[in-house]
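What follows is the residue order along each chain.
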Amino acid sequence: MSAARPPDDLAVMRALADAVTICNRCGACQAVCPVYAETRIEPGVARGKVQLAAAILSGDLPVDREAAAAFSTCTTCMACEEACPSGVPVVDIVAAARAQVVEARGLPWVKRVVFGGVRRPRVLRAAAEAAARLQDAAFKPASDRDLRRLRFPHGLAARRAYPPLAAHPFAHPGPLRKAGTGPRVLLFPGCMVTYVYPGIGHASVEVLERAGVDVVAPPEAACCGVPLEAHGDLAGATELARFQLDQLEGLEFDALVAACPTCTSSFVHRYPRLLAGEPRYAARAQRLAACAYDITSYLVDVLCVGPPTRRLEATVTYHDPCHLARGLGVTRQPRELLTGIPGVRLSEMREPSRCCGGAGSFSLAHQELSLAIGARKATDIAATGAEVVATSCPGCRMQLADVLSQTGDSRPVVHTVELLAAAGR
Amino acid sequence: MSDDLIRALASALPKGRVLTRTSELLCYAYDATASEARRVPDVVVLPASTDEVARVVRIARGAGAPVYPRGAGTSLSGGAIPAQGGIVLSTTRMDAVLELDAENHCAIVQPGVVIQRLNDLAAAHGLMYPPDPGSVAVATMGGSIAECAGGLRGLKYGVTKHYVTGLEVVLADGQIVRLGGKATKNVTGYDLVGLFVGSEGTLGVITEATVRLVPAPEARATMTATFAQSSAATRTVAAIVAGNVVPATLELLDATTLRFVEEYAHAGLPTDAAALLLIEVDGPPEAVAREAAFVERVCLGHGGVVERAADDEARERLWAARRAAYPALARQSRGTIVEDATVPRSRIPEMLAAIEEIARRHDLTIATMGHAGDGNLHPTVLVDPDDAELMERAHAAIAEIFRAAIDLGGTLSGEHGIGSAKAPYLGWALGEGGLDLTRRIKAALDPQNILNPGKFTA
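Reading the values: rules and limits
- Residues numbered from 1 in each chain as written.
- Chains lettered and ligands numbered in written order.
- Predicted model: local features only at pLDDT ≥ 70, side-chain atom pairs only at ≥ 80, totals over all residues.
- Helix = DSSP H or I, 4+ residues; strand = E, 2+ residues; numbered from the N terminus.
- Rg over C-alpha atoms; globule rule 2.2 N^0.38 Å.
- Buried ≥ 20, exposed ≤ 12 C-beta atoms within 10 Å, placed from the backbone.
- Contact = placed C-beta atoms within 7 Å.
- Domains from an automatic or database assignment.
- Nonpolar A, V, L, I, M, F, W, Y, C, P; charged D, E, K, R; others polar.
- Pairing = 2+ DSSP bridges.
- Axes fitted to C-alpha atoms, helices over the stretch in contact; angles between N-to-C directions.
- pLDDT = per-residue confidence, 0-100.
- Parallel < 35°, antiparallel > 145°, perpendicular 65-115°, else oblique.
- Left-handed = near helix turned anticlockwise from the far one by under 90°.

Let's talk about the overall build of chain A
And then number 1: Counting its regular elements, chain A contains 22 helices and 10 strands.
And then number 2: In terms of overall dimensions, chain A is globule-like: its C-alpha atoms have a radius of gyration of 21 Å, near the 22 Å expected for 425 residues.
And then number 3: Seen through its C-alpha atoms, chain A measures out along the principal axes to roughly 70 × 50 × 45 Å.
And then number 4: Buried residues in chain A amount to 51% of all 425 residues.
And then number 5: Taking as baseline every contact in chain A between residues at least 6 positions apart, the subset at least 24 positions apart corresponds to 76%.

Overview of the domain arrangement of chain A
Residues and elements named next belong to chain A.
And then number 1: Assigned domains of chain A: these are domain 1 (11-105), domain 2 (110-157), domain 3 (184-301) and domain 4 (306-422).
And then number 2: Each of domain 1 and domain 3 has a C-alpha centre, and the two are 28 Å apart.
And then number 3: Listed as interface residues are five residues of domain 1 and, on the opposing side, five residues of domain 3.
And then number 4: The class makeup of the residues in the side of domain 1 that touches domain 3 is four nonpolar, no polar and one charged.

Observations regarding the sheet that holds strand β5 (residues 255-258) of chain A
Residue and element names in this part refer to chain A.
And then number 1: Spatial ordering of the open sheet is given by β4-β3-β5-β6, a layout of four strands whose pairing is parallel. Bordering the open sheet on either side are β4 (214-216) and β6 (292-294), each of which pairs with just one other strand. Neighbour-to-neighbour, the strand axes of the sheet open up by a mean angle of 35°, direction not taken into account.
And then number 2: Sheet topology note: the β5/β6 ladder contains three bridges and is parallel. From the neighbouring strand, Val 257 faces β6, where its bridge partner is Tyr 293.
And then number 3: Along the sheet, helix α16 (residues 295-302) contacts β5 and β6; its crossing angle with β6, the most-contacted strand, is approximately 100°.

Brief notes about unusual backbone geometry
The bulk of non-glycine residues show a negative phi, and the bulk of peptide bonds are trans.
And then number 1: The phi dihedral of Thr 76 of chain A is positive, around 55°, even though this residue is not glycine.
And then number 2: A positive phi angle, close to 55°, is found at Glu 200 of chain B, a residue other than glycine.
And then number 3: In this fold, Glu 200 of chain B is placed in the loop between α7 (192-196) and β10 (204-212).
And then number 4: Glu 200 of chain B sits in the buried class, given 25 other C-beta atoms within 10 Å.

Here we look at the confidence of the model for chain B
And then number 1: Of the residues in chain B, 100% have a pLDDT of 70 or more, and the chain-wide mean is 95.
And then number 2: Here the predicted complex scores 0.93 on pTM and 0.94 on ipTM.

Some details on the packing of helix α8 (residues 230-242) of chain B against helix α13 (residues 348-361) of chain B
Residues and elements named next belong to chain B.
And then number 1: Packing of α8 against α13 brings their axes to within 9 Å, and their N-to-C directions diverge by 150°. Taken together, α8 and α13 sit at an angle that is classed as roughly antiparallel. In the packing of α8 onto α13, the handedness of the crossing is right-handed. Contact residues: Ser 230, Ser 231, Thr 234 and Val 237 in α8; Ile 348, Pro 349 and Leu 352 in α13.
And then number 2: Counted by class, the contact of α8 with α13 contains four nonpolar, three polar and no charged residues.

Description of the packing of helix α20 (residues 367-384) of chain A against helix α21 (residues 394-406) of chain A
When two helices pack together, their arrangement is given by the angle between the helix axes and by the axis-to-axis distance.
Residue and element names in this part refer to chain A.
And then number 1: Close contact between α20 and α21 brings their axes to 9 Å; oriented N to C, the two are set at 80°. When the axis of α20 is compared with that of α21, the two are roughly perpendicular. Seen from α20, the contacting residues are Leu 371, Gly 374, Ala 375, Lys 377, Ala 378 and Ile 381; seen from α21, they are Gln 399, Leu 400, Asp 402, Val 403, Leu 404 and Gln 406.
And then number 2: Its residues assigned to classes, the contact of α20 with α21 comprises seven nonpolar, three polar and two charged.

Side note on the pairing of β10 of chain B
Residues and elements named next belong to chain B.
And then number 1: Burial analysis of β10 places eight of its nine residues in the buried class, which makes it a mostly covered element.
And then number 2: Where strand β6 (residues 106-109) meets β10, four bridges bridge the pair, whose relative direction is antiparallel. Residue pairing in the sheet places Ile 108 in a bridge with Thr 210 of β10.

Structural notes on the interface of chain B and chain A
The figure often quoted for interface size is the accessible area lost as the parts come together.
And then number 1: Contacts between the two partners involve 31 residues from chain B and, on the opposite side, 26 residues from chain A.
And then number 2: Of the residues assigned to the side of chain B that touches chain A, the class counts are 15 nonpolar, eight polar and eight charged.

Set out below in structure tokens:
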């Protein structure tokens, strides 16, 4: 194919040109891609997307809305990367393509307004608090659990069931124990825990303090930036990365811990990469990366916590979040915590680390696809006969609650630390 | 022409099953063949039934447009690439297992069924579908039948053509024919089923297949043997088969492959070994015990260092080296051309020597692994598709490898097919008479040349 346009304006993607060429087009990704399992068309699967990236680089595919749409159908679950014989960094390529479209075309106005707010922590908080007050006007309770559906269903979100926004966002008041003998942990709450599931935040504080840890919180509950990067807003994501590093500068802590694996992987993987070229930040990003942990990994690998005292008679099944299992390699630790609770029996589901289809705003932008991927998860969960579903990600929790409710399944879905906290009371 | 064609297809198929955007078409421009250039089709269709396939073919015939049947696009000789534009017909929406008849040891499947899925269903009845190409987890039944795929069990269990007993095919004129069936013995007229197995989509579109299943072996024994000289390994292969033992798997990894595998997987392989054999015998427990003991004796007798798996975990460990071979090679370079020249088993030592000599002369890295038991080797040339000079050397070397295989009484392809990649060499294997017969069959069934044109029948 001849190059229709010299690719001299593709700086973001050219950085990944080598990564694109190592794809052998063997197609092994078809076996594991949750999107491909539903669509069974090649643009859905990693091989197709990597070849589209090659086509952008060769000038055969213009960087436009159509390209943006093609790269939007990916949950970034990383299953393809695990299956890839050639080690193609598919998620990086997808992210670069999305960023390239934004670089070339700018953000659509809705995203510009929303991300503009997300970039400013105080605006985000004010908006979330206003929305929490107003949500009863827009949402009605869904039938059987603490979820809500739109009162006037329309457009993208018509079928989805959402948890309500928290009336009181998670805000840790600062260290409760001043003894100073234990390790000091900065608990990074993240947006989902702060505004949707503050209970996960309180449970995190509870289990950490029970283990003798001094818990501190960052001054502002700002976004980690992943939602912006997922939509190609690299500038916004980088700005948030700098903001996080700035606000943590001068705080003393031994470890940074989060109950959201996407937030954790921001500190472990994304910030060092985003800020690599910035002398003011690069070294700090590396230092933070070295002390950032998912909470289950911190409890098991660093604190070596013992089992809680109270019995919880329950059969629990565990869903592995993509960004925890494949992103951070943490699968054993949450299971150890769960099975350590006296009375808890673990009943594994089929393919526990298969993507639930949530993937943040993917669940809105591709509602039908997201629900179809989730429906498989709901079936696998139902087949376990477990009474409780545990996971270690607030985003997965939201998606699992929704897809279970779609089939009238009222099994509770909780974060691992919530069960752990309950078993210690 | 193209707009009319697309309009006609759009009115013949339900909404959403005709793809025309550039971003969609670009994703059907390739298969897994590193040496073949991308070719963008004009349109992609996703029929969900035999009737819809027939409609597409009739429209194509009316328009004189090429039709390229495509399964998972994992073909390794360019078979699924739309060489001359036109219509890519994807069978991925036809993915029902229509019947699993445990009593008659057979299954009826639609073409888009993934091979592994059939195997998973068969396993529940203690049965298996033996053909297992490396792409078994993604490749479709339709594609693997059209290419007559092989795999690691070929020595004992044969290849795809030994398992297909019935087909439904849409011919180039849009007619639907049903050939063969569940009967395992069938000499009623020409072997029309056999005509379409391995026809690479040039004679018709496979829309349904009846395939044989066999009882899954009760037991198996697995071992690896490493040798200081590759001739010792190939003599071992000959001695095992001469002892009338037919292992299910008898795989060879050469020194170059072993070195890359060890670098990649750190499996603890001896890096000074010249060759490794992975051998698995299967069957009833008593036979497996007897055969495994024999194989082990033969390996030891030829100076092999043997490791035998005591349990499933150890078996997985031994297989890991073989499974890592492709990823290890894929990570060594930006591209790999996997060939599958095949020789009679007794000529393997000469073939290995020829490959080594050719690699040296063209200054190429060629790692050879393969199914030593059936003479089907996979010399894998490490290339960079963007390096024109390297690609030229690679193609020259590949041509010489084919020549060597044919001179040793072998053939161009054991299991990957001819497609476009090996089409230039077809005459070497078939001769003028064979080429002429091929063209006459093609002309009789597809006089307009609309089915997968630009491939080996061109």
